[in-house]
Amino acid sequence: MESTVTTTGETGYARFLYPVIFLLSFGVMSLLSGRAIDPGAGFVVVFTLVGLMLAGLFLCGLAGLAYATNLRLRRTCDYRAVLELYARGFVLLLPFTILALTGEIFLDWSIALVFIQAGIMTSGTFTALEIVKLSDSKASYIIVPILGAFSFSIAWMLFCAAAQAVAT
Amino acid sequence: MEAIAVRAWSSTRAALQVMLDPGGVLRDMLDNVPSVFSLCIPGLAFTLLFLQAGLDLYRAGAKSSEGVFGLTLLGALYGVAGIALVAAAAWSFARAMGGVRSFDWTLRAFGISYTPSLIYAVCGLFFNAAFGWNTSAAFGVTGLLWSIAPLTSTGREMLGERLGLSIALATVCGGLLLFGWALIVA
């Protein structure tokens, strides 16, 4: 009988670090996106908090979706392990955050949305490939996580558009 | 006709695979790709990206046709020499951190990592030429950002699966080429 994995096998340090990097990246990206829409401090704070909540909900949702639709993954992992896998995958958002911040500070760019969308898709794809590895390398299991990441990316764009409409 | 269709599908599948599973492609294909060919990928990608920037500036009246030609040539030089220099710096860093990959392997891996940028550059040039859109920022930045994932996979191969270090390497290398491009075409 196969045993169920309850964590990804990371050390306690890494398990703490990945969610922190996730929240930090989305916090900075939300702040930059909010500033591009309306530079008022109150608006930026609210936008950042709502953005962080949305990002957290999506991360849990993506993990739930992958867990619910992948029978092979369910045989070996529990929901918490899949969530940790997603938190680890979204560490790849860090380069995009650093580059967006650098572009904003030194080149006066205001295109955080481009960086965050590319970052979400890259991180989602990276996690999808890890999920396939845990699903006996069955390639069709890549589809749902990638569609999930794509939905997340579109949802973030709609969130920014809605915030823009509220601000104007 | 059927052979052409099979080849076209095979090329499309290879391009998609580079975007979705760059690490797998690097492992599977790299030994069969000559260094010169892999340097052609960033060379062509940056040539087309600089050409788009030149066309945008030409339409705005800020560049002459000779200026656009010069900028395009600069793009070819930037793509080949820039990637070679960044790959050399990354290889030196990886060796210092205990990496065992050769410089030739690193050069080929860095070149192939810019396949997503080439795809975006081709798409951008199509919209630029066909519809007169200003595509250099939208397609250029997005295309260069899509190369971060293959660069991270390359870093993992070079640094023995150390994710943190490979992310740092991809950030610095990708950032250097992105901001270098942005500063030149600005």
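All values derive from a computational prediction rather than experimental measurement.

Draft legend 1. Up close: the overall build of chain B. Looking only at helices and strands, chain B features nine helices and zero strands. The linear arrangement of helices and strands in chain B, starting from the amino end, is α-α-α-α-α-α-α-α-α. Counting every position in chain B, which comprises 186 residues, the buried fraction comes to 45%. Across chain B, the fraction of contacts at a sequence separation of at least 24, relative to all contacts at a separation of at least 6, is 73%.

Draft legend 2. Representation of the overall build of chain A. For chain A, the count of helices and strands is seven helices and zero strands. Put simply, chain A runs from its N terminus to its C terminus through helices and strands in the order α-α-α-α-α-α-α. A compact globule built from 168 residues would reach a C-alpha radius of gyration of about 15 Å, and chain A, at 17 Å, matches this within 12%. With the principal axes as the frame, chain A shows a C-alpha extent of 60 × 30 × 25 Å. Each of the 168 residues in chain A was classed as buried or not, and the buried ones make up 43%. Considering only contacts in chain A between residues 6 or more positions apart, those separated by 24 or more positions represent 70%.

Draft legend 3. The arrangement of the interface of chain B and chain A in detail. Opposite the 18 residues of chain B that make contact, chain A presents 17 residues. Elements supplying a minimum of two residues to the side of chain B that touches chain A: helix H7 (136–146), helix H8 (148–158) and helix H9 (163–185) of chain B. It is H9 of chain B that contributes the most residues to the side of chain B that touches chain A, nine residues altogether. By residue class, the composition of the side of chain B that touches chain A is twelve nonpolar, five polar and one charged.

Draft legend 4. Representation of the nonpolar core in the model. Residue and element names in this part refer to chain A. Core analysis: the biggest nonpolar cluster contains 92 residues, and Leu-59, Val-82, Tyr-86 and Phe-96 have the highest contact counts within it. Residue contributions to this core peak at eleven residues, all from helix H6 (residues 112–134). In contact with Val-82, not counting residues within four places along its chain, are Ala-63, Ala-66, Tyr-67, Leu-73 and Cys-77.

Draft legend 5. Spotlight on H6 of chain A. Residue and element names in this part refer to chain A. With 23 residues, H6 should cover 33 Å at 1.5 Å per step; its first-to-last C-alpha distance of 33 Å lies within 8% of that length. In terms of burial, H6 is a largely internal element, 18 of the 23 residues being buried. Two residues or fewer past H6, Asp-136 is found with a positive phi of approximately 55 degrees.

Draft legend 6. Geometry of the environment of Leu-31 of chain A. Residue and element names in this part refer to chain A. With respect to the secondary-structure elements, Leu-31 resides in helix H1 (residues 12–37). Given 19 C-beta atoms within a 10 Å radius, Leu-31 is considered partly exposed. Residues Leu-31 and Trp-109, 78 residues apart in the sequence, show an inter-C-alpha distance of 14 Å. In this view, Leu-31 contacts Val-44 and Thr-48; residues no more than four positions away in its chain are not counted.

Draft legend 7. Region of the structure containing the environment of Val-46 of chain A. Tracing the sequence through the fold places Val-46 of chain A in helix H2 (residues 41–69). In this structure the C-alpha to C-alpha distance between Val-46 of chain A and Thr-97 of chain A, which are 51 residues apart in sequence, comes to 20 Å.

Draft legend 8. Seen up close, the environment of Phe-50 of chain B. Residue and element names in this part refer to chain B. If you trace the backbone, Phe-50 turns up in helix H3 (residues 35–59). C-beta crowding within 10 Å serves as the criterion here: with 27 such atoms nearby, Phe-50 is assigned to the buried category. In this structure, the C-alpha to C-alpha distance between Phe-50 and Gly-70, residues 20 residues apart in sequence, is 9.5 Å.

Draft legend 9. Focus on the confidence of the model for chain B. All names here are of chain B. Looking at chain B, the pLDDT average stands at 85 and 85% of residues meet or exceed 70. By mean pLDDT, helix H2 (residues 22–29) is the weakest element of chain B at 60, and helix H4 (residues 65–96) is the strongest at 94. Here the predicted complex scores 0.84 on pTM and 0.80 on ipTM.

Draft legend 10. Representation of the packing of H2 of chain A against helix H7 (residues 143–167) of chain A within the structure. Residue and element names in this part refer to chain A. The N-to-C vectors of H2 and H7 enclose an angle of 160 degrees; their axes lie 10 Å apart at closest approach. With respect to each other, H2 and H7 are oriented roughly antiparallel. Of the two possible hands of crossing, H2 and H7 adopt the one that is right-handed. Across the interface between the two elements, Phe-43, Phe-47, Leu-54, Phe-58, Leu-62, Leu-65, Ala-66 and Thr-69 of H2 pack against Val-144, Pro-145, Gly-148, Ala-149, Phe-152, Ala-155, Phe-159, Ala-163 and Ala-167 of H7. For the contact of H2 with H7, a count of residues per class yields 15 nonpolar, two polar and no charged.

Draft legend 11. Unusual backbone geometry, seen in detail. Its identity as a non-glycine residue notwithstanding, Asp-108 of chain A has a phi of 60 degrees, on the positive side. Mapped onto the elements of the fold, Asp-108 of chain A is located in the loop between helix H5 (93–106) and H6.

Draft legend 12. Representation of helix H6 (residues 115–131) of chain B. Residue and element names in this part refer to chain B. Taking 1.5 Å as the rise per residue, H6 with 17 residues should run 24 Å; its terminal C-alpha atoms sit 24 Å apart, in good agreement. All of the buried residues along H6 are Thr-115, Pro-116, Ser-117, Leu-118, Tyr-120, Ala-121, Gly-124 and Asn-128. Once H6 finishes, Gly-132 follows within two positions and takes phi at roughly 70 degrees, a positive value.

Draft legend 13. Examining the packing of H2 of chain A against helix H4 (residues 79–89) of chain A more closely. Residue and element names in this part refer to chain A. H4 packs onto H2 with a crossing angle of 125 degrees between their chain directions and a minimal axis gap of 9 Å. By the angle between their directions, the pair H2 and H4 is classed as oblique. For the crossing formed where H2 meets H4, the hand is right-handed. Two secondary-structure elements touch here, H2 through Leu-59, Cys-60, Leu-62, Ala-63, Gly-64, Ala-66 and Tyr-67 and H4 through Tyr-79, Val-82, Leu-83, Tyr-86 and Ala-87. Its residues assigned to classes, the contact of H2 with H4 comprises eleven nonpolar, one polar and no charged.

Quick notes on the rules
- Residues numbered from 1 in each chain as written.
- Chains lettered and ligands numbered in written order.
- Predicted model: local features only at pLDDT ≥ 70, side-chain atom pairs only at ≥ 80, totals over all residues.
- Helix = DSSP H or I, 4+ residues; strand = E, 2+ residues; numbered from the N terminus.
- Buried ≥ 20, exposed ≤ 12 C-beta atoms within 10 Å, placed from the backbone.
- Contact = placed C-beta atoms within 7 Å.
- Rg over C-alpha atoms; globule rule 2.2 N^0.38 Å.
- Nonpolar A, V, L, I, M, F, W, Y, C, P; charged D, E, K, R; others polar.
- Core = buried A, V, L, I, M, F, W, Y, C linked by C-beta atoms within 7 Å.
- Expected span 1.5 Å × (residues − 1).
- pLDDT = per-residue confidence, 0-100.
- Axes fitted to C-alpha atoms, helices over the stretch in contact; angles between N-to-C directions.
- Parallel < 35°, antiparallel > 145°, perpendicular 65-115°, else oblique.
- Left-handed = near helix turned anticlockwise from the far one by under 90°.

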